[in-house]
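# Commentary on secondary and tertiary structure
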Amino acid sequence: MSMVNNVPIGPYHPLLEEAEYFNIVVDGETVVDIDMDIGWMHRGHEFISEQKSFTQSIYLVERICGICSTSHPLACVHAIEDIDNVEIPERAAYIRSLVGELERIHSHLLWFGLAGHFIGYDTVWMWAWKYREPILQMFEIISGNRNHYGMMRVGGVARDIDLARIPEMMETLDMVDEKMNMIAKVANDDPVLKSRLKGVGVLTHKDAVDLCANGPTARASGVNTDVRQDEPNDAYGWLDFNVPVLHNGDVYDKFVVRVLEVIESTKICRQCLEKLKTVKGPILNNVKHISPGEGIGRYEAPRGEVFHFIKSDGTNRPIRHKVRAPSFANIPTYVASCKGIPLADALITLASVDPCYCCTERSLKVVDKNRDPYKIDLLKLSREKTQDIRSEYHV
Amino acid sequence: MPKNEFFETMGDKVGHTIEKKLRYYFEVKNEDLHEVINYIFNNMGCRLSTATATEIYRGIEVLYHFSHDKTGTYYCPRIIMKDKEKPQMNSITPIVRGAEWIEREMAEMFGIDFIGHPRKEPLLTRNNPTVEKLPLRLRRVS
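Residues numbered from 1 in each chain as written. Chains lettered and ligands numbered in written order. Predicted model: local features only at pLDDT ≥ 70, side-chain atom pairs only at ≥ 80, totals over all residues.

### Quick notes on the overall build of chain B
Here is the rule we go by: For helices the rule is a DSSP run of H or I covering at least 4 residues; for strands it is a run of E covering at least 2, with both sets numbered from the N terminus onward. Taken over C-alpha atoms, the radius of gyration is set against a globule rule of 2.2 Å times the number of residues to the power 0.38. Note on burial: count the other C-beta atoms lying within 10 Å of the residue's C-beta; 20 or more is buried, 12 or fewer is exposed, in between is partly exposed, and C-beta positions come from the backbone. Each residue gets a C-beta atom placed from its backbone, and two residues are in contact if those atoms lie within 7 Å.
A tally of regular secondary structure across chain B gives three helices and seven strands. Ordered by position from the N terminus, the helices and strands of chain B form the series α-β-β-α-β-β-β-β-α-β. Since a compact globule built from 142 residues should have a radius of gyration of about 14 Å, the 15 Å found for chain B is in line with a globular shape. Along the first, second and third principal axes, the C-alpha set of chain B runs to 50 × 30 × 25 Å. For chain B, buried positions account for 39% of its 142 residues. For chain B, the share of sequence-separated contacts (at least 6 apart) that also reach a separation of at least 24 residues comes to 49%.

Spelled out as structure tokens, the structure:
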């Protein structure tokens, strides 16, 4: 006889950097349903932005997410520029794309670390975060900050690149490239990793399309969508890069898509830095006034499409500012990807979408249908499953 | 009217249109919404990025943002509800599953009743004990 239990995760849980609540319904060890309850981190950014000037709004949206702190300002300035078809200087376009791609590299490295930790690959966790550190130092060279870079302006960027520092930035990119090729080799050769992630948490192509998923979540399910190629803003139209698309929709493909994206990002960064050696000129066009109208701005953030819509009435502030982060579209895909999987795979499936998460605590509560609580450690469960597979392979 | 297969097919179901580079903003009547959305989503293969509700002088406006990824073009159907007290319109969630959260957010922030929505309950303010009613309309209500 089957017995259905509820497994609540959150609203404060180590899996999630933001506070979210998941109620996982399990029958024995199998997940049969999942319900999401968000809003714990709702801070009213749209309302606040409508009280600020356009320039202040850029700084405000930079603080929506600590990891994507250049994607929101980029989408925001794209939206404002879309109202008046503002052109930006060529040099500013390369700087914008450079900063955007560096953010993708550091965000994906952060995810590799956490994903490795969740499935018991602590070495991957430590390596990935070690390789992420020089990228943060590159941000410090470029903007003066390791996070919240304050680089974006309507009509260009705020700071120029110091040409004397380009060689050391190139060296960092070479290092990341080499290490990512090593991680790609591990993903390709390690039988335990493949057994642990292949076929886990599958999001089918149809579900990805129906649920309007985007970013690596969609591209791992065969949906070829990427703002950088669909609507090439900034320097992306002049750069040579590929958009990796895989077709199985499982956690393994989401992992591989991100590995390949980091390699492509290093390629883009190198091209930008090479161009910045020769492309001279201003970095900011002087935009004094925004006309009445509507503008759509978007950018391919590490997690997917960041979307901003701004309506202007001709004053110096937006009368409507709509913000949609990629996780808002991707988290509902759990309904499709989590059903039918073992509870031990739930953690890595939830993490595979790359919602914001951090590492503070490790326990959650299981409540059976009689509301009798007992403790279960989902992280331990996940890591034990990897250990079982290792034992099978005698490694 | 823009020379485009979508606008030629939809004919007079599409009202006032603003055309910009890679952007089409156009008004649609509530009774034609499902037909237009069905064509955009299922025939043209567009992806719903999100939807924006705004309180304007004429009433409450909902602007859907559909991305045609192959061309980088946005198709934005606009619905205007003149009754600010009880704004009502058809839900597109039965056609586009990805609209569920988007419409729930607009419902709680602006008080819009989406007819046919499968789950009419707050999304972001459900657990907030001190939430103001219709928070994004507060300063605009007379």
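Read on, since the account is not over.
### Things to note about the overall build of chain A
From N to C terminus, chain A includes 15 helices and 10 strands. Taken over C-alpha atoms, the radius of gyration comes to 22 Å for chain A, in line with the 21 Å a tight globule of 395 residues would show. In terms of overall dimensions, chain A has a C-alpha envelope of 70 × 45 × 35 Å along the principal axes. Considering only contacts in chain A between residues 6 or more positions apart, those separated by 24 or more positions represent 70%.

### Some remarks on the sheet that holds strand β8 (residues 318-324) of chain A
Residue and element names in this part refer to chain A. Our working definition: By the convention used here, strands pair only if DSSP detects at least 2 bridges between them. Note on geometry: axes are lines fitted to C-alpha atoms, helical ones only across the stretch in contact, with angles between N-to-C directions running from 0 to 180 degrees.
One open sheet holds the three strands; their spatial order is β6-β7-β8, and the pairing between them is antiparallel. Each edge of the open sheet carries a strand with a single partner, namely β6 (293-301) and β8. Put simply, the sheet's adjacent strands are angled 15 degrees from each other on average, direction ignored. Here six bridges tie strand β7 (residues 304-312) to β8, and the two strands are oriented antiparallel to one another. Following the sheet pairing, Lys311 is matched in β8 by Arg320. Strands in contact with helix α3 (residues 71-84) are β6 and β7; relative to β6, the strand with the most contacts, it is inclined by about 150 degrees.

### Thoughts on the interface of chain A and chain B
To keep things clear, this is the line we draw: Each residue is assigned to one of three groups, with Ala, Val, Leu, Ile, Met, Phe, Trp, Tyr, Cys and Pro labelled nonpolar, Asp, Glu, Lys and Arg labelled charged, and all others, Gly among them, labelled polar.
Counting residues at the interface gives 26 residues for chain A and 27 residues for chain B. Sorting the residues of the side of chain A that touches chain B by element identifies α1 (45-49), β6, β7, β8 and α12 (326-330) of chain A as the ones contributing at least two each. Considering every element that reaches the side of chain A that touches chain B, the biggest residue donor is β7 of chain A, with four residues. In terms of residue class, the side of chain A that touches chain B is built from 11 nonpolar, four polar and 11 charged.

### Focus on the sheet that holds strand β5 (residues 73-81) of chain B
Residues and elements named next belong to chain B. Taken in spatial order, the five strands line up as β1-β2-β5-β4-β3 in an open sheet, and their pairing is mixed. The open sheet has two free edges, formed respectively by β1 (14-20) and β3 (47-56), since each of these has just one partner strand. For this sheet, the mean inter-axis angle between neighbouring strands, taken without regard to orientation, is 20 degrees. Across five bridges, the pairing between β1 and strand β2 (residues 23-28) is antiparallel. Across the sheet, residue Val14 finds its bridge partner in β2, namely Val28. Of the strands in this sheet, β2, β4 (59-68) and β5 are in contact with helix α2 (residues 33-43), which crosses β5 at around 170 degrees. The sheet strands contacting helix α3 (residues 100-110) are β3 and β4, and the helix crosses β3 at an angle near 10 degrees.

### A closer look at the nonpolar core
Test applied: The term nonpolar core refers to a set of buried Ala, Val, Leu, Ile, Met, Phe, Trp, Tyr and Cys residues connected through C-beta atoms within 7 Å. Domain segmentation is taken from an automatic or database assignment of domains.
Among the nonpolar cores identified, the biggest contains 148 residues, and Ile80, Ala115 and Ala346 of chain A together with Met106 of chain B are the most heavily contacted of them. Per element, the largest residue contribution to this core is 15 residues, and it comes from helix α4 (residues 90-118) of chain A. There are two domains that each give this core at least three residues, and those are domain 1 (4-41 + 332-393) and domain 2 (45-328) of chain A. The residues touching Ala346 of chain A, leaving out its near neighbours within four places in the chain, are Ile24, Val31, Cys338, Ile341 and Leu378 of chain A.

### Re the domain arrangement of chain A
Interfaces are often sized by the accessible area lost when the parts come together. All names here are of chain A. Each assigned domain of chain A is listed with its residue range as follows: domain 1 (4-41 + 332-393) and domain 2 (45-328). Each of domain 1 and domain 2 has a C-alpha centre, and these two points are 28 Å apart. Between domain 1 and domain 2, the residue contacts involve 26 residues of the former and 25 residues of the latter. The set of elements that each furnish at least two residues to the side of domain 1 that touches domain 2 consists of α13 (334-337), α14 (346-352) and α15 (378-393).

### Concerning unusual backbone geometry
All names here are of chain A. The phi dihedral of His148 is positive, around 50 degrees, even though this residue is not glycine. Summarising the element assignment, His148 is placed in the loop between α5 (122-143) and β4 (152-153). The exposure class assigned to His148 is partly exposed, which follows from the 15 C-beta atoms found within 10 Å. Of note, Cys212 is a non-glycine position whose phi angle comes to about 60 degrees, a positive value. Given 27 C-beta atoms within 10 Å, Cys212 falls into the buried group.

### Considering the environment of Phe41 of chain B
All names here are of chain B. Turning to its location among the elements, Phe41 is positioned in helix α2. Of the residues examined, Phe41 has 23 C-beta atoms within 10 Å and is grouped as buried. Sequence separation between Phe41 and Ile115 is 74 residues, and the spatial gap between their C-alpha atoms is 19 Å. If we skip the residues at most four places from it in the chain, Phe41 touches Cys46, Ile95 and Val96.

### Considering the pairing of β5 of chain B
Residue and element names in this part refer to chain B. Here β2 runs beside β5; their pairing, made up of five bridges, is parallel. Within the sheet, the bridge partner assigned to Tyr24 lies in β5 and is Tyr75. For β4 and β5, the ladder comprises seven bridges, and the chain directions are antiparallel. From the neighbouring strand, Ser67 faces β5, where its bridge partner is Tyr74.

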